[in-house]
Amino acid sequence: MALNYLATGPSNAPVVLLGSALGTTHLLWQAQVDALAGRFRVVAFDHLGHGGSETPPGPYKMADLGGAILELMDHLGVQQASYAGISIGGMVGLWLAQNAPERFKAFALLCAPAVAGGSPQMWTERAELVRTKGTEAVADAAIGRWFLPDFAKASPGLVAAVRHQVVNTPDEGYAACCEAIGAMDLRDGLASIDVPTLLIAADQDESVPADAVRAVADAIPGSQFELIENSAHLINLAHPEHLTTLLAHHLR
Ligand SMILES: O=C(O)CC1=CCC(=O)O1
């Protein structure tokens, strides 16, 4: 099995898969795992090249990341699940919604654009930086984008824990996922998505501006859009209870 995962909750309950952000692990979802595991079988996993998962040499494509998740479902004997993902986890969710819709009951995708923000070259350069200097070289900038200053000041332990995940991400895994993001363009398939999909954006997200997420919602027929106020990129950490409520309602 390529992917490391933590499965919590009753074994006969409906399954919810949780996919985390670039440079983070399944621990990013701890608050939601704790809150949802009474009602769901919650499977929080590490993407390819992250945490305890395998790190084959890159570059990766969204199909590699999505294929590994389908393999995890097969391994667990899960025919159908709901899926929540943040950032790259949400982007892979868009790939799954387009390429394996029959395996999913619902998607909740946080801070997920259909095409990479910045230029493809920016992502190639970030991959090169990490391959030469390591994830330490991008950690402080990521933390600066992911939390509002007041939240970071009030929650130093949590911010340090996320930074720890970033610097412990395998350099090749992080770089290969940057290449997957840089090469991604999922816009053409959005109109054909017919699984119930909730798109969630943050009002002060420098990594994935809310307008990019709104554009995804506008292109998916019947999808829902929620804008979370007073949050940067990592919404599920900034507003854990609110996010848990949205997920519990949409993924039931
Ligand atoms: O690194 C960032 O700030 C942006 C990002 C893109 C995908 C992801 O998971 O984070």
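Refer to the structure presented above.
This text gives an overview of the structure that appears in the document. In this text the structure is predicted, and so the values were computed from the model without any measurement.

**Quick notes on the packing of aromatic side chains**
- The final tally for this structure, using the stated rule, is five aromatic pairs.
- Here Tyr83 and Phe104 contribute two aromatic rings whose centre-to-centre distance is 6.2 Å and whose plane-to-plane angle is 90°, an arrangement assigned as edge-to-face. With Tyr83 in strand β4 (residues 81-86) and Phe104 in strand β5 (residues 104-110), the pair connects residues that are 21 residues apart, well separated along the chain.
- Residues Tyr83 and Phe107 carry aromatic rings whose centres are separated by 5.9 Å and whose planes lie at 55° to one another, so their mutual orientation is tilted. A residue pair is termed long-range when its members are at least 10 positions apart, and Tyr83 in strand β4 and Phe107 in strand β5 qualify at 24 residues.
- When its relative accessible area of 0% is taken as the criterion, Tyr83 is described as buried.
- A connected cluster of aromatic rings, assembled from ring pairs, spans Phe45, Tyr83, Phe104 and Phe107.

**So, the packing of helix α4 (residues 120-133) against helix α8 (residues 171-182)**
- Remark: α4 packs on α8, axes separated minimally by 8 Å, with the N-to-C direction vectors making an angle of 175°. Overall, the two elements α4 and α8 adopt an arrangement that is roughly antiparallel. Contacts between α4 and α8 involve Pro120, Trp123, Arg126, Ala127, Val130 and Arg131 from the former and Asp171, Glu172, Tyr174, Ala175, Ala176, Cys178, Glu179, Ile181 and Gly182 from the latter.
- For the contact of α4 with α8, the residue count by class is nine nonpolar, one polar and five charged.

Calculation rules
- Residues numbered from 1 in each chain as written.
- Predicted model: local features only at pLDDT ≥ 70, side-chain atom pairs only at ≥ 80, totals over all residues.
- Heavy atoms only, no water.
- Phe/Tyr/Trp six-rings, centres within 6.5 Å; stacked < 30°, edge-to-face > 60°.
- Helix = DSSP H or I, 4+ residues; strand = E, 2+ residues; numbered from the N terminus.
- Buried < 20%, exposed > 50% of the residue type's maximum accessible area, 1.4 Å probe, protein only.
- Axes fitted to C-alpha atoms, helices over the stretch in contact; angles between N-to-C directions.
- Parallel < 35°, antiparallel > 145°, perpendicular 65-115°, else oblique.
- Contact = heavy atoms within 4.5 Å.
- Nonpolar A, V, L, I, M, F, W, Y, C, P; charged D, E, K, R; others polar.

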